[in-house]
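Residues per chain are reported as follows:
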Amino acid sequence: MKSPFPAHPLLWGLIALLGIIPGAYTQDARPFPRYLELGLGATFHRLQDPAVSPMPYSGGPLGIYLAFEKRKPHSISRLSLGGDLGKLNSKNATELRPMASTYFQADLSYQYLRRLTGRSASRLIWFVGGRYRWHNSIRVTPQNDTGFISFFIANSINASTRMETDFQLFEREVKLGWTGTLPLLSHVIRPSYLNLYNYIDPEHDWLNERLQDSEWLTLNRFPGLQSRLELSYPIAGENQLRFAYEWEFYHYDGQRRVNAARHGFMIGISVRI
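To keep things clear, this report deals only with the structure shown in the data block. Predicted, not measured: the structure shown is a model, and the values here were computed from it.

### Quick notes on the pattern of salt bridges
Counting across every chain of the model gives 21 salt bridges. Across the pair R78 and E37 runs a salt bridge, and its minimum N-O distance is 2.5 Å. You can see R78 sitting in strand 4 (residues 75–89) and its partner E37 sitting in strand 1 (residues 34–48), a full 41 residues away along the chain. Using a relative accessible area of 10% as the deciding quantity, one classes R78 as buried. Residue E37 is classed as buried on the basis of its relative accessible area of 4%.

### Some words on the packing of aromatic side chains
On inspection of all chains with the given rule, the structure shows six aromatic pairs. Summarising the aromatic geometry, the rings of F152 and Y252 are spaced 5.7 Å apart at their centres and angled 65° between planes, so their arrangement reads as edge-to-face. Of this pair, F152 sits in strand 7 (residues 149–169) while Y252 sits in strand 11 (residues 240–252), and the two are 100 residues apart along the sequence. Each ring, one from F222 and one from Y250, has its centre 5.7 Å from the other, and the planes form 50°; the classification is tilted. Remark: Y250 occurs in strand 11 and F222 occurs in the loop between strand 9 (215–218) and strand 10 (224–234); sequence separation between them is 28 residues. Like Y250, F222 is buried. Here the aromatic cluster, defined as three or more aromatic residues joined through ring pairs, consists of F152, F222, Y250 and Y252. Looking at K72, its charged tip hangs above the ring of F32, at a distance of 5.5 Å from the centre. Lying over the aromatic face of Y57, R139 brings its terminal NZ or CZ to 4.7 Å of the ring centre.

Quick notes on the rules
- Residues numbered from 1 in each chain as written.
- Predicted model: local features only at pLDDT ≥ 70, side-chain atom pairs only at ≥ 80, totals over all residues.
- Heavy atoms only, no water.
- Salt bridge = Lys/Arg side-chain N within 4 Å of Asp/Glu carboxyl O.
- Helix = DSSP H or I, 4+ residues; strand = E, 2+ residues; numbered from the N terminus.
- Buried < 20%, exposed > 50% of the residue type's maximum accessible area, 1.4 Å probe, protein only.
- Phe/Tyr/Trp six-rings, centres within 6.5 Å; stacked < 30°, edge-to-face > 60°.
- Lys NZ or Arg CZ within 6 Å of the ring centre and 35° of its normal.

On their own, these measurements won't tell you what the molecule is for.
What follows is the structure, encoded as structure tokens:
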């Protein structure tokens, strides 16, 4: 059985790069450590956009992840940019009707978390806070005359929580962390049902048209969840190898509804700067 998570050459290139990253990044002891993270990986998407096609589409685009994190004794702030690029296909595809889409996704987010204080015998450390996320997904399907370009843009304010714990692995202190976010208030932009836009004509203000048709939604009409489980393994120079599994879904309950789910497996390096 063919794996839905293809071995992308860039992913293997990153793994090779991790072996030659020098310990030259040794840093002076700073009170508030900062980290720059770069990751690559494989993803699996499943998407249903009935306004374009009643058939679900799925595929395994390449995932790229870049983040900047700053830690203080009682808080964590994180700015991240993630992107997926690849193909989605329907299992009902034929040679005459390939039913293939080129898929692009870009997510920009900022998260701020405060540590919960309290006396407990547990080794778990909890953080709570909020997150802003700008989600953009675009699907280009040449065989669809009325849905050639389908997009979903959502600006969301999320509630967020994080759990961390440390344990010993191969004589190193390893950190296990989990982060979950839930959208509370979102502004969603979708194309019209017949999105034959004239992008060239300056008199056709298609962007303003879409903004006027956009919606503000609360959790009941835009439910979703983002989950990230990560393992950080220390290497030379206070840097870390980071392995992450991401899972998310959302359901847009609107006139042009969308159901989307994503799995992602990432491997990267977190460099102290």
